[in-house]
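Residue-level structural notes
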Amino acid sequence: MNKLYIDYNPQYIRIAYTEKGLLTEFAVERSYMRGPVGNIYKGKVENVLSGMKAAFINIGLSRNGFLHVDQSLVDSRQYGAVVERKPLKLTPGDSVMCQVVKDSFGEKGVKLSLEITIPGKLCVLLPNSSFIGVSRKITDDARRDYLEDLAASSVPPKSGLIIRTAAEHASDSEILSELDELVSIWKEIEKKYQTAPEKSIIYREDDLLRRALRDFSGYEIDEIYVNDDKALETASMLMPGIKINKYDGEENILLRYGLGPQINALRSREVPLSSGGFIVIDKTEALTVIDVNTGHYVGGKNLEDTVYKTNLEAAVTIARQIRARNIGGIIIVDFIDMADTAHKEEVLKVLCEAVKSDG
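Please read these numbers as outputs of a predicted model, since none were measured by experiment.

**Some words on the packing of helix α2 (residues 141–154) against helix α3 (residues 172–195)**
- Between α2 and α3, whose axes approach to 11 Å, the crossing angle comes to 40°. As summarised for this structure, α2 and α3 are arranged oblique, according to the angle between their axes. Judged by the sense of rotation from one axis to the other, the crossing of α2 with α3 is right-handed. Residues Tyr-146, Leu-147, Leu-150 and Ser-154 of α2 touch α3, and the partners they reach there are Asp-172, Ile-175, Leu-176 and Leu-179.

Right, here's the structure in full:
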């Protein structure tokens, strides 16, 4: 069974999602230091690097944000669609409306996009684009065509729309009602931008509770566990039809349901495999490197078989760790060398299949 756990209290929110008992996604947000991802700002262009096709934009944070011409319009992992890139035309001193798409890390500031997205449960409004798309997780061709036509005929002029996975079984009225809400939000953002001072926030993304319930709507969830009445009310409203269990015990809800060890393991550099092998995850500012090792596993018929089985298990584990740790950017996986070409192809196939659920 797939389960969603919500640990809600005034100091922080923690969200855990499990598939067959294995933790595949985890997020934490403290009430006094919410992250900037998803927020929209009125920024000021400080510097333009034409050779890098990039700009640094002051949005009022401790470090300037970074905007690159190759910033995709939409995060493919979250929305299941990728669109064309647009040329960057900015000069120092310009005021720009921009959205944070990636948090700061190390010495790097936040990553920005000029292509604004206003996400809802069923669809995502793209007010500055004419792109129309449907989540790749909706595989029925007839339904995809219908939803694409519905989006194209309903979205405001010069705007775009992405239909999310959760809309696969939604009614037209539900989709159009949400679209109207997103358009209203966008109009308020435009209005506020006109009078807002430079380097200020003009739209704040929902907190983790509503954001998670919104974004998990397209997942196959059998049950939800909550520990708070507000979380129960919000989950009931945003995820009708799913069984929701209220936990009233004194022990922390995530510990009560045995997720403590898996959550603690997310901080570990080394991740054990059930066979006896292990993977090592090293994250830097530039990229993430994942190394596969046989460890104590010697159970194969020969060295090639041992390596092959270790790599197969590692491929599945790596995909789950990427999701659970929310690893993005460049990822390099160093599998153990294999001599058999068929084995290499099968390991790659398993890895590709394992990351499919991540968009």
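**Comments concerning helix α9 (residues 341–354)**
- Here α9 contains 14 residues, and its C-alpha end-to-end distance of 20 Å stays within 8% of the 20 Å for a straight helix at 1.5 Å per residue.
- Among the residues of α9, those classed as buried are His-343, Val-347 and Leu-351. Down the axis of α9, the smallest arc covering the buried residues is 75°, so these residues share one side. Residues of α9 that are exposed and angled more than 90 degrees away from the buried face: Glu-345, Leu-348 and Lys-349.
- Here the buried face of α9 lies against α8 (303–324).
- Measuring from the backbone nitrogen of Ala-342 back to the side-chain oxygen at the start of α9 gives 2.8 Å, which picks out Asp-340 as the cap.

**A closer look at the side chain of Asn-245**
- Inspection of the secondary structure puts Asn-245 in strand β15 (residues 243–246).
- On the basis of relative accessibility, which here comes to 18%, the residue Asn-245 falls in the buried class.
- Those residues in contact with Asn-245, other than ones at most four positions away along the chain, are Glu-223, Ile-224, Tyr-225 and Val-226.

**A short note on the packing of aromatic side chains**
- Summed over the entire model, instances satisfying the criterion amount to eight aromatic pairs.
- Aromatic side chains Tyr-5 and Tyr-257 sit 5.6 Å apart centroid to centroid with 40° between the ring planes, which places their arrangement in the tilted category. With Tyr-5 in strand β1 (residues 2–8) and Tyr-257 in the loop between α6 (253–256) and α7 (260–265), this pair connects stretches of sequence that are 252 residues apart.
- Note on Tyr-257: relative accessible area 28%, which makes it partly exposed.
- Between the aromatic rings of Tyr-17 and Phe-216, the centroid separation amounts to 5.2 Å while the plane-to-plane angle is 40°, which identifies the pairing as tilted. With Tyr-17 in strand β2 (residues 12–19) and Phe-216 in the loop between α4 (208–215) and β14 (223–226), this residue pair connects regions lying 199 residues apart in the sequence. For the pair Tyr-17 and Phe-216, a shared accessibility class is recorded, and that class is buried.
- Cluster of aromatic residues (ring-pair linked, three or more members): Tyr-5, Tyr-225, Tyr-247 and Tyr-257.
- Across the ring face of Tyr-219, the terminal group of Lys-137 is positioned such that the distance to the ring centre comes to 5.4 Å.
- The ring of Tyr-257 carries Arg-256 above its face, with NZ or CZ at 5.1 Å from the centroid.

**Quick notes on the nonpolar core**
- With 29 residues, the main nonpolar core has Ile-40, Met-97, Leu-125, Leu-161, Ile-163, Ile-175 and Ile-189 as its most contacted residues.
- Elements represented by at least two residues in this core include exactly β10 (123–126), β11 (132–134), α2, β12 (160–163), α3 and β13 (200–203).
- Examining the composition of this core, we find that seven residues originate from one element, α3, more than from any other.
- Not counting chain neighbours up to four residues away, the residues in contact with Ile-40 comprise Met-97, Cys-98, Gln-99, Ile-116, Ile-118, Ile-189, Ile-201, Ile-202 and Tyr-203.

**Let's talk about the environment of Leu-90**
- Secondary-structure assignment places Leu-90 in the loop between α1 (76–79) and β7 (95–102).
- Leave out the neighbours within four places in its chain, and Leu-90 touches Val-45, Val-48, Ala-55, Ile-57, Leu-67, Val-96 and Leu-114.

**Re the sheet that holds strand β18 (residues 287–293)**
- Strand order across the open sheet formed by four strands is β16-β17-β18-β19, with mixed pairing between neighbours. This sheet does not close on itself; its edge strands, each paired only once, are β16 (270–272) and β19 (330–334). Neighbouring strand axes in the sheet, compared pairwise and without regard to direction, differ in orientation by 20° on average.

**Looking at the pairing of strand β4 (residues 40–49)**
- Relative to β7, β4 runs antiparallel, the two sharing five bridges. Across the sheet, the residue bridging to Lys-44 is Ser-95, located in β7.
- In terms of strand pairing, β4 meets β13 through three bridges, oriented antiparallel. Note on β13: the bridge partner recorded for Ile-40 is Tyr-203.
- Of the pairings in the sheet, the one linking β4 to strand β5 (residues 54–58) comprises five bridges and is antiparallel in character. The residue of β5 that forms the bridge with Lys-44 is Asn-58.

**Section: a negative patch on the surface**
- Taken together, the side chains of Asp-140, Asp-141, Asp-145, Glu-148 and Asp-149 define an acidic patch exposed on the protein surface.
- Residue Glu-148 is classed as partly exposed on the basis of its relative accessible area, which comes to 35%.

**Brief notes about the pattern of salt bridges**
- Under the criterion given, the structure shown has 14 salt bridges.
- Glu-223 serves as the salt-bridge partner of Lys-243, at 3.5 Å between the closest nitrogen and oxygen. Here Lys-243, found in strand β15, pairs with Glu-223, found in strand β14; they are 20 residues apart in sequence, far enough to count as distant.
- Overall, the relative accessible area of 8% leaves Glu-223 in the buried class.
- The partner of Asp-229 in a salt bridge is Lys-246, and the shortest N-O contact between them spans 2.8 Å. In this pair, Asp-229 sits in helix α5 (residues 229–238) while Lys-246 sits in strand β15, placing the two residues 17 residues apart along the sequence.
- Since its relative accessible area comes to 52%, Asp-229 is described here as exposed.

So, how was this worked out
- Residues numbered from 1 in each chain as written.
- Predicted model: local features only at pLDDT ≥ 70, side-chain atom pairs only at ≥ 80, totals over all residues.
- Heavy atoms only, no water.
- Axes fitted to C-alpha atoms, helices over the stretch in contact; angles between N-to-C directions.
- Helix = DSSP H or I, 4+ residues; strand = E, 2+ residues; numbered from the N terminus.
- Parallel < 35°, antiparallel > 145°, perpendicular 65-115°, else oblique.
- Left-handed = near helix turned anticlockwise from the far one by under 90°.
- Contact = heavy atoms within 4.5 Å.
- Expected span 1.5 Å × (residues − 1).
- Buried < 20%, exposed > 50% of the residue type's maximum accessible area, 1.4 Å probe, protein only.
- Arc of directions from axis to C-beta.
- Polar contact = N/O pair within 3.5 Å; in protein donor to acceptor, adjacent residues only side chain to side chain.
- Phe/Tyr/Trp six-rings, centres within 6.5 Å; stacked < 30°, edge-to-face > 60°.
- Lys NZ or Arg CZ within 6 Å of the ring centre and 35° of its normal.
- Core = buried A, V, L, I, M, F, W, Y, C linked by side-chain atoms within 4.5 Å.
- Pairing = 2+ DSSP bridges.
- Patch = residues over 30% accessible without salt bridge, like charges linked within 9 Å, V, L, I, M, F, W, Y side chains within 5 Å.
- Areas by Shrake-Rupley, 256 points an atom, 1.4 Å probe, with all protein chains shown as cover.
- Salt bridge = Lys/Arg side-chain N within 4 Å of Asp/Glu carboxyl O.
- Lys, Arg positive; Asp, Glu negative; His and termini not counted.
- Charge placed at Lys NZ, Arg CZ, Asp CG, Glu CD.

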